[in-house]
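So you can see what is in the structure, the chains are spelled out below.
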Amino acid sequence: MTVHKVAVFKPYPFSVGQKINIDAGPRKGDWEVVAVDDKKVTLRCPISGKQFAWTRFCYLVEEKEQAVWPGPE
């Protein structure tokens, strides 16, 4: 058996009311979690108020205790 460096990913356990920032990709930006179920997470843009339900997709990179949200563009 050979040994390799392996990246392990786990779905993030979202909670309603949570403020999040997605750092890259088509969903990049600040969001508020407004609903969560086994398959979907619904996020609301704090600027436009628009909501989107997506298949759960995010993975935690870091948590910041004193972050400005929504952040500067």
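Model, not experiment: these values are computed from the prediction.

Undergrad: Is there a simple way to think about the sheet that holds strand 2 (residues 29-36) in this case?
TA: Backbone-to-backbone hydrogen bonds pair the strands of a sheet. The strands run either parallel or antiparallel. What the four strands build is an open sheet, ordered 1-2-3-4; its pairing is antiparallel. In this open sheet, the two edge strands, each paired with only one partner strand, are strand 1 (19-22) and strand 4 (51-55). Taking each pair of neighbouring strands and ignoring which way they run, the sheet shows an average axis angle of 40 degrees. With four bridges connecting them, strand 2 and strand 3 (residues 40-44) associate as antiparallel partners. Within strand 3, the residue paired with Val36 across the bridge is Val41.

Undergrad: Hey, could you run me through the pairing of strand 2 in this one?
TA: The side chains of a regular strand alternate, first on one face of the sheet and then on the other. Examined bridge by bridge, strand 1 and strand 2 share four bridges and lie antiparallel to one another. The residue bridging Lys19 from the neighbouring strand is Glu32, located in strand 2. Taking the residues that link successive antiparallel strands as the turn, the strand 2-strand 3 hairpin has three residues.

Undergrad: Please explain the pairing of strand 4 as it appears in this structure.
TA: Here strand 3 runs beside strand 4; their pairing, made up of five bridges, is antiparallel. The residue bridging Lys40 from the neighbouring strand is Thr55, located in strand 4. In this structure, the hairpin formed by strand 3 and strand 4 is closed by a connection of six residues, where Gly49 is found at a positive phi of approximately 80 degrees.

Undergrad: Please clarify how the pattern of salt bridges should be interpreted in this entry.
TA: Where charged atoms of side chains with opposite charge meet at close range, the side chains can pair. The full count for this structure, using the stated rule, is two salt bridges. The closest approach of N and O atoms between Lys19 and Glu32, which form a salt bridge, is 3.3 Å. With Lys19 in strand 1 and Glu32 in strand 2, the pair connects residues that are 13 residues apart, well separated along the chain. Residues Glu32 and Arg44 are paired through a salt bridge, measuring 3.3 Å at the closest nitrogen-oxygen approach. Residue Glu32 is located in strand 2, and its partner Arg44 is located in strand 3; the two are separated by twelve residues in the primary sequence. Glu32 sits in the buried class, given a relative accessible area of 18%.

The rules behind the values
- Residues numbered from 1 in each chain as written.
- Predicted model: local features only at pLDDT ≥ 70, side-chain atom pairs only at ≥ 80, totals over all residues.
- Heavy atoms only, no water.
- Pairing = 2+ DSSP bridges.
- Helix = DSSP H or I, 4+ residues; strand = E, 2+ residues; numbered from the N terminus.
- Axes fitted to C-alpha atoms, helices over the stretch in contact; angles between N-to-C directions.
- Salt bridge = Lys/Arg side-chain N within 4 Å of Asp/Glu carboxyl O.
- Buried < 20%, exposed > 50% of the residue type's maximum accessible area, 1.4 Å probe, protein only.

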